[in-house]
Amino acid sequence: MLHETDSANNILELSDYRVGFRTERGLAKAVDGVSLSLKRGSTLAIVGESGSGKTVLNRGIMGLLGANIIEGGSAKFQGEELVNTNRQKLWGTKMAMIFQDPMTSLNPVMKVGNQVSEPLRLHQGMSRKEARDRTVELFTLVGIPEPAKRFGEYPHQLSGGMRQRVMISIALAIEPDILIADEPTTSLDVTVQKYILDLLVDVQSKSNMSMVIITHDLGVARGRADEIMVMYGGRIMEKAPSETVFQEMKHPYTQALLSSIPRLNDPKHTRLTPIEGFPPDIVDGPQGCKFAARCKYAQDTCLTLAPEETTIDKHTYFCHFPVGTDAGSEALKSNEDKGFTAAGLRIKSKGEVV
Amino acid sequence: MPKPIRRLIGLLGLLTIVSMVTFGAMNFLGDPLFNILGPVAADVDNPESLKVIEEAKAQYHLDKSLPERWARWAWDFVRGDFGVQFSSSGQPPVSDLIKERLPRTLELMAVAQIIAVSLAIPWSVLAASRANRRTDKISTITAFAFVSIPSFAMAVILFYFFSVQWDLLPDTYTATDPFWGISHDHRLIQLILPGFTLGIGSAAAYQRLLRTDLITTLQQDFILMAKSKGVSKRRVLYSHALRPSLFSMITLLAINIGFMIGGSLVVEQFFRIPGIGSAVVEATLREDFPVVLAIVMIVSAGFMVFNYLADYLYTLIDPRVRNEDTSKPRKITSMGM
Ligand SMILES: Nc1ncnc2c1ncn2[C@@H]1O[C@H](COP(=O)(O)OP(=O)(O)OP(=O)(O)O)[C@@H](O)[C@H]1O
Ligand code: SF4
Ligand SMILES: [Mg+2]
């Protein structure tokens, strides 16, 4: 249970938060019971493979998914319940979002300057001139050269890195309490990725806003986030302070992700599936642990019984046979001896997937 | 050779052929001399008549071969000399008639286009923002109805209700009334019913295209981005989604200018507007060869020019192509029907 003081300090509190899409096959449970709390001014990184529900989770919180969804559980923003409410009043004032692809998320036929000024004029009552001056100021802040000239240009006239800086300017113009950056660098050249990420962290720490960085790259989270949450199949697998995840990760999925980190100086990476196999079906998913089919540690229990939450200090994970524990080591060893896991995944003795 | 230039040359060729066919047809099927002189033309036994005939033949170059006459006509035409009307009374130049009649038709078409666009835009936005819901479905049925009603029927219905029954709008067009103004004695108001008749089908066609394009645009990331900036729903539709969705509609609008000239023929007859449509009908009945030829040429040229421009117009609203290669025309891919 959270203490009173903690609650007051938390900007966002999710408890068993769920988002489902109505599909022809049934309810697609894209987010399936996520609980977390985010402190004012801190940064959370959400990491997971493609399809793990990162985007749905965040757009769900913001209320940007439209009408055709089923939302459940609780999501409190500054103490106020969001689930099944209209969140329009938070848009452009308290919450801001940065999307993955700055080419498609900037209006192609609107001058970039006007796209930044728009929230200033709509929500902060600035005059055209004031908004323009502020925009130029923000452009300078995010390192856009010749900011006054750029104001009148269209997105297609800017490079990918410049466009993402424009996106960051929009987010900063809003001066939100929480900024959600959904894979802010995935579509950018490797050389600009690091700059954009550091810029984000820099403006975040200066303005005391809270930030959620979504990525499928644990390397991006390292050193930039206070806390890391690993997601898979719409659920939390593991959540811990940043360094704990790297030093003492407990979840086999985190371990697998970590061993497949693409580094920033690797050739341009897009979406990788670092681990053999595919994410689980979210309409008709596995009964036990969602990761069982791909887990080197999996035992019979994992197939039938979903693991309970284990929390030690600030470290939370969901696993029957955690990495680095006796139970975990034993499970891995017995699988390696057999050559396959309880789910039938074939493995080599070194623990490599065949 | 760049494609725009090639297309332009093609258009000029097509215009030349149109003029040859019209010129030839009017000479073979009609008797120009009879149209000019009346019964005198057949009175070849009377020396006095013969003299008149010879004079007329010389004046109108009727003694020359057909190709030569065409060439003379074409040379005059490109210099803006459309010849004289066939009439026994003073023979005013064709260009006088055109100057008098064409602006009225252009006025009618402008009013019709403005009505069509100002109906189509809010109509499409409404339908697209409620895509596939009841409002949208009803609006689709309405659009089909408007597209399929013949303009004559539309004219009768509108005229009967707005003019005869409710007396809201004037029933007569008076060419000598001033244009600007909002009383029944201003042409602007007198053109509302004709403009509506001419424009309503176009409004429906524009709506089909714009609705489809808007629905596509509304699924783009930048719309979600605009929403997340706290832009109101209305502003998202009109300031963010509308402009990038206008391409196909503008293309159709330009192409439609040509079709509207055809439509204005019926509308001008019904509402008794002495425009170019009425002029060509009257001239055809009189077999006034130079007038018909001039109007056919002007209308064909207008039709082709706007068709040509239609493919390049979108560069006006899309900054992405403004400084780039505009030789790739953007085609309308679907009418959304
Ligand atoms: N509108 C929708 N209708 C049905 N299913 C959806 C919808 N949007 C997303 N999903 C499903 O929800 C799951 C989670 O998707 P989400 O986009 O959140 O993944 P992600 O973690 O953001 O992945 P990525 O790294 O590719 O962005 C996916 O299986 C996806 O197919
Ligand atoms: S050990 Fe079992 S519970 Fe833990 S991740 Fe693997 S399959 Fe899931
Ligand atoms: Mg995503």
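Helix and strand counts for chain B come out as 15 helices and zero strands. When burial is assessed residue by residue, chain B has 46% of its 337 residues classed as buried. Considering only contacts in chain B between residues 6 or more positions apart, those separated by 24 or more positions represent 69%. Surface summary for chain B: the accessible area is close to 17,000 Å², and the carbon and sulfur share equals 65%.

Residues and elements named next belong to chain A. With mixed pairing, eight strands are arranged side by side in an open sheet as 6-7-8-3-9-10-12-11. The sheet is open, and its two borders are formed by strand 6 (95-98) and strand 11 (309-312), each paired with just one other strand. Each strand axis lies, on average, 20 degrees off the axis of its neighbour in the sheet, ignoring direction. Here strand 10 (residues 235-241) runs beside strand 12 (residues 315-318); their pairing, made up of two bridges, is antiparallel. Note that in strand 12 the partner of Lys239 across the bridge is Thr316. Against the sheet, helix 8 (residues 190-207) contacts strand 3 (43-47), strand 6, strand 7 (178-182) and strand 8 (210-215), and its axis sits at roughly 160 degrees relative to strand 8.

So, on to the confidence of the model for chain A. Looking at chain A, the pLDDT average stands at 88 and 92% of residues meet or exceed 70. In this model, residues 263-273 of chain A is a region of pLDDT below 50 whose contacts with residues beyond four sequence positions or in other chains number 27 contacts.

As a further point, take the nonpolar core. If you look at soluble globular proteins, the nonpolar side chains tend to sit buried side by side. Core analysis: the biggest nonpolar cluster contains 70 residues, and Leu14, Tyr17, Val34, Leu57 and Met229 of chain A have the highest contact counts within it. If you look at the next biggest cluster of nonpolar residues, it comprises 33 residues, including Leu62, Trp70, Ala279 and Leu293 of chain B.

What follows is about unusual backbone geometry. Phi at Glu146 of chain A is positive, roughly 50 degrees, even though this residue is not glycine. With respect to the secondary-structure elements, Glu146 of chain A resides in the loop between helix 5 (128-141) and helix 6 (147-151). In this structure, Asn132 of chain B is a non-glycine residue whose phi angle is positive, near 65 degrees. Note that Asn132 of chain B resides in the loop between helix 5 (94-129) and helix 6 (134-148). For Asn132 of chain B, a relative accessible area of 55% puts it in the exposed group.

Turning next to the sheet that holds strand 4 (residues 69-77) of chain A. Residue and element names in this part refer to chain A. One open sheet accounts for four strands, arranged 2-1-4-5; its pairing is antiparallel. Single-partner strands in this sheet number two, and they are strand 2 (26-39) and strand 5 (80-81). With 11 bridges joining them, strand 1 (residues 10-23) and strand 2 adopt antiparallel strand pairing. Its bridge partner being in strand 2, Leu12 is matched across the sheet by Leu38. On top of the sheet, helix 2 (residues 54-62) reaches strand 1, strand 2 and strand 4; it is set at about 110 degrees to strand 1, its chief contact.

Quick look at helix 4 (residues 112-123) of chain A now. Buried residues of helix 4 of chain A: Val112, Gly113, Gln115, Val116, Ser117, Glu118, Pro119 and Leu120 of chain A, and no others. For helix 4 of chain A, the secondary structure elements touched by its buried residues are helix 5, helix 6 and helix 7 (160-174) of chain A together with helix 11 (233-241) of chain B. Backbone geometry just after helix 4 of chain A places Gly125 of chain A at a positive phi near 60 degrees.

Counting residues at the interface gives 22 residues for chain B, matched by 26 residues for chain A. Summing the contributions of chain B and of chain A, the shared interface buries around 2,100 Å²; its carbon and sulfur component is 62%. Of all residues in chain B, Met225, Ser228 and Lys229 of chain B give up the largest surface area on contact with chain A, accounting jointly for 30% of the area buried on that side. Our count for the chain B to chain A interface comes out at two salt bridges.

Residues and elements named next belong to chain B. Here helix 5 crosses helix 12 (residues 247-270) at 130 degrees, and the two axes come no closer than 10 Å. In terms of orientation, helix 5 lies oblique with respect to helix 12. The handedness of the crossing between helix 5 and helix 12 is right-handed. Contact with helix 5, carried on its side by Thr105, Leu108, Met109, Ala112, Gln113 and Val117, involves Met249, Leu253, Asn256, Ile257, Met260, Ile261, Ser264, Val267 and Glu268 of helix 12 and no other residues of that element. Here the residues of the contact of helix 5 with helix 12 sort into 10 nonpolar, four polar and one charged.

Parameters at a glance
Residues numbered from 1 in each chain as written. Chains lettered and ligands numbered in written order. Predicted model: local features only at pLDDT ≥ 70, side-chain atom pairs only at ≥ 80, totals over all residues. Heavy atoms only, no water. Helix = DSSP H or I, 4+ residues; strand = E, 2+ residues; numbered from the N terminus. Buried < 20%, exposed > 50% of the residue type's maximum accessible area, 1.4 Å probe, protein only. Contact = heavy atoms within 4.5 Å. Areas by Shrake-Rupley, 256 points an atom, 1.4 Å probe, with all protein chains shown as cover. Pairing = 2+ DSSP bridges. Axes fitted to C-alpha atoms, helices over the stretch in contact; angles between N-to-C directions. pLDDT = per-residue confidence, 0-100. Core = buried A, V, L, I, M, F, W, Y, C linked by side-chain atoms within 4.5 Å. Buried area = accessible area lost by both parts, 1.4 Å probe. Salt bridge = Lys/Arg side-chain N within 4 Å of Asp/Glu carboxyl O. Parallel < 35°, antiparallel > 145°, perpendicular 65-115°, else oblique. Left-handed = near helix turned anticlockwise from the far one by under 90°. Nonpolar A, V, L, I, M, F, W, Y, C, P; charged D, E, K, R; others polar.

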